[in-house]
Amino acid sequence: MDDILRILEQDARTPPERIAEMTGRSIEDVRESIVTAERDGILLSYRSQINWDALGRGDVHAIIEVRIAPQREVGFDSVAARIARFPEVRSMHLVSGDYDLAVQVTGESIYAISNFVASKLAVLEAVQGTVTHFVLKRYKEDGTLFEAEDESPHRLPVSM
Amino acid sequence: MTNSTHQDSTPRSDNAAGRRRIAQRVEDIPPSGIRKFFDLIAGQEGIISLGVGEPDFVTPWHIREAAIDSLERGHTHYTSNYGTPELRKELAAYLERLYGAKYDPQSELLITVGVSEALDLALRATLDPGDEVITGDPCYVAYFPVVHMAGGSLITAPTTMEDEFRLRASEVEKLITPQTRALLINNPSNPTGAVLDRATTEELSEMAARHDLLVIADEIYDRLVYSPDEPFTSFASLTGRSDQTIVLGGFSKSYAMTGWRVGYAAGPSDIISAMMKVHQYTMMSAPTAAQAAAVAALREGERDVQEMREAYDQRRRLLVGGLRRIGLPCVEPRGAFYAFPSIMPTGMSSEEFAERLLTEEGVAVVPGSAFGPSGEGFVRCCYAASVEDIEEALTRMGRFVERHSQSR
């Protein structure tokens, strides 16, 4: 199944027929594997990566360091789940070091993000403190370079 | 690229004084069939090329980074003629890891400017005028010229699509004469993608030993073999490897490093030392930064090799399946990154097919006849291309084949 997933990870639009040919599997096998992976929470979504910044209407992004007090029985998970549900939160990780959660948020303006931190995040009982870093420029996201020089091969059209 | 084609050599370019300007040895070499297509393509827009002979991947970043680091540290001088000690040590470890082959990094390995130089050195170090070298037909386009320039003659053993372009020891043995000095074996094969099975590899090695012949094994595509149930058998791995076996390899195809120009030869110390003698007076050493990059490739590049191999394998299935669907019979290529379909259903010659496909549909392939007479009736299609390009090339080729099969 890994081979199917790697193809989809590269290009989520690859049709099952093509995946079947590329992997030497039957189309039924490919379809079934995809359904199973979706059902089992392995294949989560088929989304596009869009460089909105290039259109000049980029949202504002921030990385927020959040210190939280772990709670009896559930540790960090319960409060983490509450924070993660906010649609402003694009990604979130529990990390080692000086703070606990690294939270990436997106908003339409600096004001919107400030408002989110002040009125939704910092007010949670378990949250002990936050440090907000506004993103000045994005270079790479999920393995995709934003302003990469063209690395398409400069090959001779015919060679030995 | 065979004895028959080099007979019709181009006219001698004598100057006014009647003295030849170009050596006969070089005049004898016919113009490259690939070069011609290069000129045809120049200036055409929207061409999809399956005519290339190199990876479409860019060298993995950590390998490039190692070369940058080497430059930053000021490593801009010659290295040992044999190659840097680090690279030879890593290479010895790599060959042992992959093939269980033991080579002394001090005396049995030579780092060269690509496998192309290694081949030239192996031939120049071992051939005397009139010596014959036997190889399979079709074969890599450089074999005839390099053997010829080393003073030898290339004798070819035909292979056929019906036999999956397998080189048969029995066919080779028929061609052995008192002048035969070496077997030159490209495994996996450019252009056919054929890979020798273990039994044939052993058989060829034993036969060479029996006739006191050198084996020059050009294994530049050794890491690009797509049959999990039959792993690649390097001539280096044979337990009874004779002391007349020279294995040539490189980094270009496995690590997408064609432009770096770094390869190697592994063999008995007397032959390696003779090759080094030629190398030291003609090349001195392989590029220093490229050798640093090659060290990084051997140390940390295994994952890259596996990932690229998987990607090639997927495109291989796509291209071979597609070629068969559009009506071009194609043997399953088990190695390298070429498919070698028959174009006989169109009734055209290889050259006509390639030229018309280029002008009518903007797809470049290489006529099989460029690789020897047994390549007539076939074209070489490289699948080191993006999935989108392969799909588009197949659509255009399908249109072309349909049009021309009907008209005949």
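All residue numbers refer to positions counted from 1 along the written sequence of the respective chain. Naming scheme: in the order in which they are written, chains are lettered from A and ligands are numbered from 1. Totals for whole chains, interfaces and linings use all residues, but because this is a predicted model, local features are given only for residues with pLDDT of at least 70 and pairs of side-chain atoms are given and counted only at 80 or more.

To continue, consider the overall build of chain A. The helix and strand tally for chain A stands at five helices and six strands. Here a strand is any run of E in DSSP of at least two residues, a helix any run of H or I of at least four, and the numbering for each starts at the N terminus. Sequence-ordered secondary structure for chain A, helices as α and strands as β, is α-α-α-β-α-β-β-α-β-β-β. At 21 Å, chain A has a C-alpha radius of gyration far larger than the 15 Å of a compact globule built from 160 residues. Along the first, second and third principal axes, the C-alpha set of chain A runs to 65 × 40 × 30 Å. Two residues qualify as being in contact provided that their C-beta atoms, derived from the backbone, are within 7 Å of each other. Counting contacts in chain A only where the partners sit at least 6 residues apart, residues at least 24 apart contribute 54% of the total. Atoms considered for the radius of gyration are the C-alpha atoms alone. The globule rule reads 2.2 Å times the number of residues to the power 0.38.

Secondary structure summary: chain B contains 14 helices and 12 strands in total. For 408 residues, the compact-globule formula gives about 22 Å, and the C-alpha radius of gyration of chain B, at 21 Å, lands near that figure. Each principal axis of the C-alpha atoms in chain B carries an extent, and together these give about 65 × 50 × 50 Å. Burial is judged by counting the other C-beta atoms within 10 Å of a residue's own C-beta: 20 or more makes it buried, 12 or fewer makes it exposed, and any count in between marks it as partly exposed, with every C-beta position built from the backbone. A burial count over chain B gives 51% of its 408 residues as buried. Residue pairs in contact within chain B that sit at least 24 positions apart in sequence constitute 75% of those at least 6 positions apart.

On to the interface of chain B and chain A, then. Across the contact, 21 residues belong to chain B and 14 residues belong to chain A. Ten residue types, Ala, Val, Leu, Ile, Met, Phe, Trp, Tyr, Cys and Pro, are classed as nonpolar, four, Asp, Glu, Lys and Arg, as charged, and the remainder, Gly among them, as polar. Per-class residue counts for the side of chain B that touches chain A are 12 nonpolar, five polar and four charged.

All names here are of chain B. Helix length check: helix 10 (residues 269-282), at 14 residues, gives a terminal C-alpha distance of 20 Å against a target of 20 Å (1.5 Å per residue), a fit within 8%. Along helix 10, the positions that sit buried rather than exposed are Ile271, Ile272, Met275, Met276 and His279. Seen from one end, helix 10 has its buried residues packed into an arc of 140°, which puts them on one side. Along helix 10, the residues that are exposed and aim more than 90 degrees away from the buried face are Asp270 and Tyr281. Tucked into the core, helix 10 has its buried residues touching strand 2 (109-112), helix 6 (114-126), strand 7 (245-250) and strand 8 (263-266). Two residues or fewer past helix 10, Met284 is found with a positive phi of approximately 70°. An expected span of 1.5 Å times one less than the residue number is assigned to each helix. To obtain the arc, one takes the directions from the helix axis to the C-beta atoms.

This next bit is on the domain arrangement of chain A. As used throughout, domain bounds are those supplied by an automatic or database domain assignment. Partitioning chain A into domains gives domain 1 (2-39) and domain 2 (52-137). Each of domain 1 of chain A and domain 2 of chain A has a C-alpha centre, and the two are 35 Å apart.

Residues and elements named next belong to chain B. Two strands form a pair only when DSSP identifies at least two bridges running between them. Overall, antiparallel pairing links the three strands, which are arranged 9-12-11 in an open sheet. Both outer strands of the open sheet, strand 9 (338-339) and strand 11 (366-367), are each paired with one neighbouring strand and no more. For strand 11 and strand 12 (residues 379-382), the ladder comprises two bridges, and the chain directions are antiparallel. By the bridge assignment, Pro367 is partnered in strand 12 with Val379.

Now for the nonpolar core. Nonpolar side chains tend toward joint burial in soluble globular proteins. Ala122, Leu183, Leu248, Ala265, Ala293 and Tyr383 of chain B are the most contacted members of the largest nonpolar core, which has 135 residues in total. Counting residues per element, this core draws most heavily on helix 11 (residues 288-300) of chain B, at eight residues. Look past the residues within four positions of Tyr383 of chain B in its chain and what remains in contact with it is Tyr312, Arg315, Arg316, Leu319, Phe337, Ala339 and Ile390 of chain B. To count as a nonpolar core, a set of buried Ala, Val, Leu, Ile, Met, Phe, Trp, Tyr and Cys residues must be joined through C-beta atoms within 7 Å. Formed by 15 residues, the second largest nonpolar core is a distinct cluster that contains Val66, Ile83, Phe116 and Val117 of chain A.

Attention now goes to the sheet that holds strand 2 (residues 89-94) of chain A. All names here are of chain A. One open sheet accounts for four strands, arranged 2-3-1-4; its pairing is antiparallel. Each edge of the open sheet carries a strand with a single partner, namely strand 2 and strand 4 (127-134). Recorded for the sheet is a direction-independent mean angle of 20° between the axes of neighbouring strands. Of the pairings in the sheet, the one linking strand 1 (residues 60-68) to strand 4 comprises seven bridges and is antiparallel in character. Its bridge partner being in strand 4, Ile68 is matched across the sheet by Val127. Orientation is described by axes fitted as lines to C-alpha atoms, over the contacting stretch for helices, and by angles from 0 to 180 degrees between their N-to-C directions. In the packing of helix 4 (residues 77-85) onto the sheet, contacts are made with strand 1, strand 2 and strand 3 (101-107), and the angle to strand 2 comes to roughly 160°.

What follows covers the domain arrangement of chain B. All names here are of chain B. Each domain of chain B was delimited in the assignment, giving domain 1 (21-58 + 304-406) and domain 2 (61-300). Contact residues are listed per partner, giving 35 residues for domain 1 and 34 residues for domain 2. Of all elements in the fold, only helix 12 (302-325) and strand 9 reach the threshold of two or more residues within the side of domain 1 that touches domain 2. Across the side of domain 1 that touches domain 2, the residue classes break down as 18 nonpolar, eight polar and nine charged.

With that out of the way, let us pick up unusual backbone geometry. Leave glycine aside and you will find that most residues have negative phi; peptide bonds, for their part, are mostly trans. In this chain, Asn187 of chain B is followed by Pro188 of chain B through a cis amide linkage whose omega measures -10°. Topologically, Pro188 of chain B is positioned in the loop between strand 5 (180-186) and helix 9 (198-210). Backbone torsion omega between Asn190 of chain B and Pro191 of chain B reads 25°, so that peptide bond is classified as cis. Following the sequence through the fold, Pro191 of chain B ends up in the loop between strand 5 and helix 9. The phi dihedral of Asp142 of chain A falls on the positive side, at around 45°, and the residue is not glycine. You will see that Glu164 of chain B, though not glycine, has its phi angle at about 55°, which is positive. Within the secondary structure layout, Glu164 of chain B lies in the loop between strand 4 (153-158) and helix 8 (169-174).

With that settled, the discussion passes to the pairing of strand 7 of chain B. All names here are of chain B. Summarising burial for strand 7: six of the six residues are buried, a large majority. Pairing analysis gives four bridges linking strand 6 (residues 214-218) to strand 7, with the strands arranged parallel. The partner of Val215 across the bridge, within strand 7, is Thr245. Inspection of the sheet shows strand 7 paired to strand 8 by four bridges, in the antiparallel sense. Counterpart to Gly250 in the pairing with strand 8 is Gly263.

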